[in-house]
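Listed below, chain by chain, are the residues.
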Amino acid sequence: MKVVKEITLRIAFNVCGLVLIVFGIVFTIIWPSIFDDIMATEMQLTPTSLSFEAWKQPPINLSLDIYMFNWTNHEDYKNHSTQPHFMQLGPYRFTEKPDKVDIKFNPENSTVTYRRLSMFHFDAAGSNGSLDDIVTTVNLVALSAAQKGKFADIFKTKSISLGLSMHDQKIHVTKSVGELLFEGYEDKMMSLARKISFLDGEKIPFDRVGWFYQRNNSADLTGWYNAHTGVDDISQIGVLKNWNFKDTSGAFEGNCGLIHGSAGEFFAPKQSRYSTISIFTPDMCRSIPLDYEKDVDVRGLLGYKFIGGKRSVDNGSLYPENKCYAPGEGSCSGVLNISSCRFGVPVFMSYPHFYGADPYFIKQIDGMNPDEGKHQFYITLEPSTGMALDVAARLQINLLITPSPTIGMYKNVPKHFMPILWFEQRVTVSPEIVAKIRLATGIPCIGQVGSLTVLAIGVIMVLWLPIHRFLCKRVTGKVHSNGRMTDDRVIICEELDKENKLEDRPLLMTKEILNKSV
């Protein structure tokens, strides 16, 4: 009876071991996919998902730092032997509270439609200067009118030239920082520009002049977004499908006009060092590609740093595929012509201080000091989750002044790319979010360790009895061949059944028992 019980226990022991081995192997293989499915479910954007509230209204306030360029020798501009000189002022810091409005989920194609609304408040304590600081810069209204005159008939051109003269317009304008940014300022030429635009079948939606006028507490200027939620394919989360209900921007031709890239809130998990990410910018009507540069450490987390390099601001002179981004006025690599996105105004975007641009832009003016640490555009992503760990979005607005033989005040001016301002949005992940990311990225390792531990226990259970019996036989055989024990250790092979004889079963043997048996 006891033998049957022992055999049953051994069988049960082996069966349990085999079950643990099978479970360990299967779980080791399928755990990564199980975790990916769980992660995808948590990350996808739905009205009830964990990511919804953080997406709709981020829990942290963002800072927008704006630097103005003061044109110090504007009176000498028509002197071709004198270079324009600019002095950087600022930063003028604004606290931004972003929000999403007019949200509509579209389950039929796993997208969400929405608009962006931001509220900006001036942060005097974080600024180097006040909104009352006086800045001299390029006259945006006059330059816009002159640009229109280049492509208009003789009647419109004469009207523009006469209007500029009658309203005493100059190449430069001197205003306060507040007026140049969010407040805006009135200009008599604005009504004329609106009328001319109306005659051309266009509509300028501004009654004041200001680079960020009508942007505060408004969702009108950045348009309607339609982005993938990641429900059907997590690799597409955050990628734009449409902008203003179209899959093309209308500002560029061919592939350059297609809407693509991230809206900026989400990036796909499982990032690769060999991939390129893109961010769509509505103010430029296009996406900016960012390429992997290197691995970096952000608050103890591994991050992949993607930067805006020369390809990101090339107009086709270095990368032929970018030629369709350069309508109208051509230039050396380093500035992006976005005039087709800005009502025909000759606006060109670059990195601050023409960082990474052709030396031509720096040599033609004074006051530019490009610095990688201050002016590089980059985003650092945690590769497993795709979450942004560190962001430095930095861009510069420039205006191109060119001579115009039909517009009196621009007849003999030299051609220059004039820097106006540059801005920076800098965000680094908080320690609280770092802790959550570290926990999430540590779960796969915990699961793998657990499954391997179960596998190891199963192997030990299956192999324990055969190994134990083999060792016992070796020890017993060595004892009988030598005739005597060589030390006083107790060798246990099996529990002694007191009714069995010594020669029938191994037992608890000491030196004295072994000597007697010999």
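Refer to the preceding data block for the structure.
Quick caveat: nothing in here was measured; it's all calculated off a predicted structure.

(A) Structural view of helix α3 (residues 140-150). Of all 11 residues that make up α3, 9 are buried, and the element is covered over most of its length. Taken residue by residue, α3 has Leu140, Val141, Ala142, Leu143, Ser144, Ala145, Ala146, Gln147 and Gly149 as its buried positions. The N-cap of α3, judged by a side-chain oxygen 3.2 Å from the amide nitrogen of Val141 a few residues on, is Asn139.

(B) Fine view of unusual backbone geometry. In this chain, Gly90 is followed by Pro91 through a cis amide linkage whose omega measures 15°. Tracing the chain through its elements places Pro91 in strand β2 (residues 86-106). Positive phi outside glycine occurs at Cys285, with the angle close to 55°. Relative to the helices and strands, Cys285 resides in the loop between β8 (276-281) and β9 (286-298). Relative accessible area serves as the criterion here: at 7%, Cys285 is assigned to the buried category.

(C) Broad picture of the pairing of strand β4 (residues 134-138). The element β4 is extensively covered by neighbouring structure, given that 4 of its 5 residues are classed as buried. Pairing analysis gives 5 bridges linking β4 to strand β5 (residues 172-176), with the strands arranged antiparallel. Of the residues in β5, the one forming a bridge with Ile134 is Ser176.

(D) Spotlight on the pattern of salt bridges. If you walk through the whole model with that rule in mind, you get 13 salt bridges. Taking the shortest distance from any N to any O, the salt bridge between Asp283 and Arg215 comes out at 2.9 Å. Of this pair, Asp283 sits in the loop between β8 and β9 while Arg215 is found in the loop between α6 (188-199) and β6 (224-228), placing the two residues 68 residues apart along the sequence. Classification of Arg215 by relative accessible area gives buried; the value is 15%. Notably, a salt bridge pairs Arg273 with Asp295, separated by 2.7 Å at the nearest N-O pair. Placement of the pair is Arg273 in the loop between β7 (240-243) and β8 and Asp295 in strand β9, with a sequence separation of 22 residues. Linked by salt bridges that have partners in common, Lys100, Arg116 and Glu265 make up one network.

(E) Structural context of the state of the cysteines. Evaluated as defined, the whole model comprises 2 disulfides. Two residues share a disulfide in this structure: Cys285 and Cys341, whose sulfurs sit 1.9 Å from each other. The sign of the S-S torsion, about 70°, decides the handedness of the disulfide formed by Cys285 and Cys341: right-handed. You can see Cys285 sitting in the loop between β8 and β9 and its partner Cys341 sitting in the loop between β11 (336-337) and β12 (347-350), a full 56 residues away along the chain. Look at Cys341 and you get buried, because its relative accessible area is 10%. Among the cysteines of the chain that take part in disulfides, numbered as they appear in the sequence, the pairing is 1-3, 2-4.

So, how was this worked out
Residues numbered from 1 in each chain as written. Predicted model: local features only at pLDDT ≥ 70, side-chain atom pairs only at ≥ 80, totals over all residues. Heavy atoms only, no water. Buried < 20%, exposed > 50% of the residue type's maximum accessible area, 1.4 Å probe, protein only. Helix = DSSP H or I, 4+ residues; strand = E, 2+ residues; numbered from the N terminus. Polar contact = N/O pair within 3.5 Å; in protein donor to acceptor, adjacent residues only side chain to side chain. Pairing = 2+ DSSP bridges. Salt bridge = Lys/Arg side-chain N within 4 Å of Asp/Glu carboxyl O. Disulfide = S-S within 2.5 Å.

Coordinates in, geometry out; function isn't part of it.
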